[in-house]
Amino acid sequence: AARLAALNNPPAATPAPAPAPAPAAYAGEPDEEPQDAPKPAAEEEDLLRRLNSLGTPTAGGGAGAGPATAPEASAPMAPAPSGLPLSSNLIGNNARLSEDQSEASRFTGLKGAVVITDSPATATPHGMYFEVEVTEVEKSSKGPAIGFCDPGEQGKRLADEAKDLKGVLAVVGYDLPKVHVRATPTGPVTEEKTDAKKWRPVRLVEAGDRIGCLLRQGGASLVVRHRKPTGESHTLDVSIPAVVGAGLHGVFDIQGIVKSIRTVAPGNFH
């Protein structure tokens, strides 16, 4: 009877444990890192200032190589009309002019191609200004120079380099870059190295670049502005002995890497 009761009333089955949840399928690594939120304009400007203070390495090594100031950014350059004509009487032995005297080239050698404007440099509210566009370059370790001089002090034959011209002059460039100044007609020429991190033409210049030079009011500061067609800009501002003289003419030394130039009308100089 007990066995019959057990058969008629079997014990309740113990419920099976619930299966553990299956692990989620591996989705792989994300395709890209999460993007940072855009920086406010003020933060971007501060970052650029800090990068400028640190500098970035200059390619090429050699003397004067090292950190270079990050270039300034501006809008791409628009084509510019021709500027002041160049003098056909005051010209280096290795230079020749175009028919309209707005273009000059060095046809032989590495120097001996100094050119001077036929009239005084352009007077602006900031001072005297002169600008050229580089139209042809070649490989060279020598760099050009730009500045101002008194054409009335030159003889029949110009010096091979602008820094050796007679009379009042203020010229900056070459390599390593230096500023050369004769503040009075008969005074000595002073020579001082400039900051190659800010402007070193032999490392920067390409065809299409524009190089302008400003002699500030009072004659105690020389500013170079080197602009590329893309809008990239490099500026060098150096204090110099106060230059005595009015009506100075623009001068460019077509040396080394620069093979030919044309004068251009000055744009807005800020």
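All values reported here derive from a predicted model rather than from experimental measurement.

A. A look at the sheet that holds strand E3 (residues 86-91). Read from one edge to the other, the open sheet built from seven strands follows the order E3-E6-E16-E9-E10-E11-E12, with strand pairing classed as antiparallel. Two strands bound the open sheet, and with one partner strand each, they are E3 and strand E12 (190-193). Here the strands of the sheet are splayed against their neighbours by 20° on average, with no regard to which way each runs. By the bridge criterion, four bridges tie strand E11 (residues 178-182) to E12 in an arrangement that is antiparallel. Each bridged residue has a counterpart across the sheet, and for Val181 the counterpart in E12 is Thr190.

B. Main features of the side chain of Ser102. Among the structural elements, Ser102 can be located in the loop between strand E4 (95-97) and strand E5 (103-106). Polar contacts involving the side chain of Ser102 include one to the side chain of Asp100, which spans 2.9 Å. Leaving out residues up to four positions away in the same chain, Ser102 has contacts with Ser82, Leu86, Ile261, Arg262 and Thr263.

C. Highlighting the pattern of salt bridges. Within the structure shown, the criterion is met by 15 salt bridges. We note a salt bridge from Arg106 to Glu138, for which the minimum N-O separation is 2.4 Å. With Arg106 in strand E5 and Glu138 in the loop between strand E8 (127-137) and strand E9 (145-149), this pair connects stretches of sequence that are 32 residues apart. Judged by relative accessible area, Glu138 falls into the partly exposed class, the value being 27%. Linking Asp164 and Lys163 is a salt bridge whose minimum nitrogen-to-oxygen distance equals 3.6 Å.

D. Spotlight on the pairing of strand E15 (residues 233-239). Here strand E14 (residues 221-227) runs beside E15; their pairing, made up of seven bridges, is antiparallel. Counted as the bridge partner of Ser221 is Ser239 from E15.

E. Spatial organisation of the confidence of the model for the chain. Looking at the chain, pLDDT values average 80 and 70% of them are 70 or higher. Considering only residues more than four positions removed or in separate chains, one finds that residues 20-41, a stretch of pLDDT under 50, has one contact. Taken together, the stretch residues 43-68 has pLDDT below 50 and engages in 29 contacts with residues farther than four places along the chain or on a different chain.

F. Representation of the environment of Val202 in the model. As for its position among the elements, Val202 is in helix H3 (residues 201-204). For Val202, a relative accessible area of 13% puts it in the buried group. Considering only alpha carbons, one finds Val202 and Asp175, 27 residues apart in sequence, at a separation of 6.9 Å. Not counting residues up to four positions away in its chain, the partners in contact with Val202 are Ser140, Ser141, Lys142, Gly143, Asp175 and Ile257.

Parameters at a glance
- Residues numbered from 1 in each chain as written.
- Predicted model: local features only at pLDDT ≥ 70, side-chain atom pairs only at ≥ 80, totals over all residues.
- Heavy atoms only, no water.
- Pairing = 2+ DSSP bridges.
- Helix = DSSP H or I, 4+ residues; strand = E, 2+ residues; numbered from the N terminus.
- Axes fitted to C-alpha atoms, helices over the stretch in contact; angles between N-to-C directions.
- Polar contact = N/O pair within 3.5 Å; in protein donor to acceptor, adjacent residues only side chain to side chain.
- Contact = heavy atoms within 4.5 Å.
- Salt bridge = Lys/Arg side-chain N within 4 Å of Asp/Glu carboxyl O.
- Buried < 20%, exposed > 50% of the residue type's maximum accessible area, 1.4 Å probe, protein only.
- pLDDT = per-residue confidence, 0-100.

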